[in-house]
Amino acid sequence: MQQLLNGLFLGSIYALFAIGFTLVFGILDRLNLAHPAAFAASAFVGIWLTDTFDLPIALVLVIVFAFGAVLGLLIERLAFRPLKDRPDAHFAGLISSIAMGGMTIALLQAVFGPNTRRFPPDTVPDESIPFAGVTASTLQLVILGVSLGLMIALTVLVGRTALGRSMRAVAENPTAARVLGVNVDRVTAMTFAISTALGAVAGVLFALNVNSAQLGMGGAIELKGLAVIIVGGMGSLPGALIGGLILGIAEVFAIQYIGSSWRDLIAFALLFVILLLRPQGLFGKRRIREV
């Protein structure tokens, strides 16, 4: 039971990162490979804010969310919008986002240096809370609470707001949405902003969880994020959530019962089995090929 709980805490971070990934893909049919760089950049910014200004973690998360939103707007404006009218816009945007991510990491190294950075020891109180036969730390509860809160907020935004209706319209048919008066460029920019903001918060939570931030930390989670959205169903927000939780639980159980060196093998093998049984993903839909 304790390991299941630990897996839920880790999986909530993976889910938050993957939801940011799948939001752009599901609505705009674009794969933003600068997302892992934003994940890493936000962790470094969060540590800098905490270390330099002694800010409480709640305020740091709010500032990092805003930082991620601005970074997402820059990524959309510089890496995707100039290429939107090209015949190969999907592939060109993919390559452009890789370049944008590389420049972000280079800028991070220039500003913060190549060394690993950590949050101050007292950033989150080191307390344990027992309940129902298991124990959760304050940090774990913060991670789970923030992750679930943001996922619920995103679900409400997409399902019950004017912006969410515009997002769904663009996801269904951008041309028809434009004819109906939807500002597609604005929806695109807001989608990138929200997506990157979620990834930014995930970066801070991940750095808190492992007590370190490294320049390459985004690359380590990138493949897991891609695996999660494929297993959950490309473009499915509920699928990204469930896929992230499955991956986190699989990793924790692998570490506990087999060994840490097997964590990725077991986790990805489980995801591979799911895809063999359901190729379209947990929440994906089979596409009917028309001739």
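Every chain begins its residue count from 1, and numbering advances along the sequence as written. Per-residue local features are limited, in this predicted model, to residues with pLDDT of at least 70; the limit for side-chain atom pairs, both in listing and counting, is 80 or more; totals at the level of whole chains, interfaces and linings are taken over all residues. Each side-chain value is derived from all of the structure's non-hydrogen atoms; neither hydrogens nor water enter the calculation.

Quick look at the packing of aromatic side chains
Geometry of an aromatic ring pair is reported as the spacing of the ring centres plus the angle between the planes. In summary, the pairing rule links any two rings of Phe, Tyr or Trp, Trp by its six-membered ring, whose centres are within 6.5 Å, and it sorts them by plane angle into stacked for under 30 degrees, edge-to-face for over 60 and tilted for everything else. Counting across every chain of the model gives 7 aromatic pairs. Considering the side-chain rings of W48 and F53, the 5.3 Å spacing of their centres and the 90° angle between planes classify their relative orientation as edge-to-face. Through a chain of ring-to-ring contacts, three or more aromatic side chains come together here, namely F17, F21, F39 and F206.

Re the pattern of salt bridges
Oppositely charged side chains can pair when the atoms bearing their charge come close. For salt bridges, the criterion is a side-chain nitrogen of Lys or Arg within 4 Å of an Asp or Glu carboxyl oxygen. Per the counting criterion, the structure on display carries 6 salt bridges. Residue D88 is joined to R86 by a salt bridge in which the shortest nitrogen-to-oxygen separation is 2.9 Å. Each residue gets one of three labels from its accessible area relative to the maximum for its type: buried under 20%, exposed over 50%, partly exposed in between, using a 1.4 Å probe on protein chains only. Overall, the relative accessible area of 32% leaves D88 in the partly exposed class. Classification of R86 by relative accessible area gives partly exposed; the value is 43%. As a salt-bridge pair, E251 and R263 come within 2.5 Å of each other at their nearest N and O atoms.

Quick look at the pairing of strand β1 (residues 128-131)
Pairs of strands are assigned from DSSP output, requiring at least two bridges between the strands. Runs of E in the DSSP output that reach at least two residues are strands. Runs of H or I that reach at least four are helices, and both are numbered from the N terminus. Pairing of β1 with strand β2 (residues 134-137) involves 4 bridges; the strand directions are antiparallel. If you follow F131 over to β2, its bridge partner there is V134. Here β1 folds back onto β2, and the loop between the two strands holds 2 residues, one of which, A132, carries a positive phi near 50°.

Some points on the packing of helix α1 (residues 2-28) against helix α5 (residues 138-160)
A fitted line through C-alpha atoms represents every axis, and for helices the fit uses only the stretch in contact; the resulting angles, taken between N-to-C directions, go from 0 to 180 degrees. With their axes 9 Å apart at the nearest point, α1 and α5 run at an angle of 35° to one another. Relative to α5, α1 is oriented so that their crossing is left-handed. For the pair α1 and α5, contact is made by N6, L8, F9, S12, I13, A15, L16, I19 and L23 and by Q140, L141, I143, L144, S147, L150, M151 and L154, respectively. In this scheme the handedness of a crossing depends on how the near helix is turned from the far one: anticlockwise by less than a right angle means left-handed, clockwise means right-handed. By definition, residues are in contact when any of their heavy atoms lie within 4.5 Å.

Some details on the side chain of T123
Counting through the fold element by element, T123 comes out in the loop between α4 (89-112) and β1. With a relative accessible area of 13%, T123 lands in the buried category. A polar atom in the side chain of T123 sits 2.7 Å from the backbone oxygen of P120. Beyond its immediate stretch of four places on either side in the chain, T123 contacts T50, I57 and L208. What qualifies as a polar contact is a pair of N or O atoms within 3.5 Å, subject to a donor-acceptor requirement within protein and to the restriction that residues adjacent in sequence count only when both atoms come from side chains.

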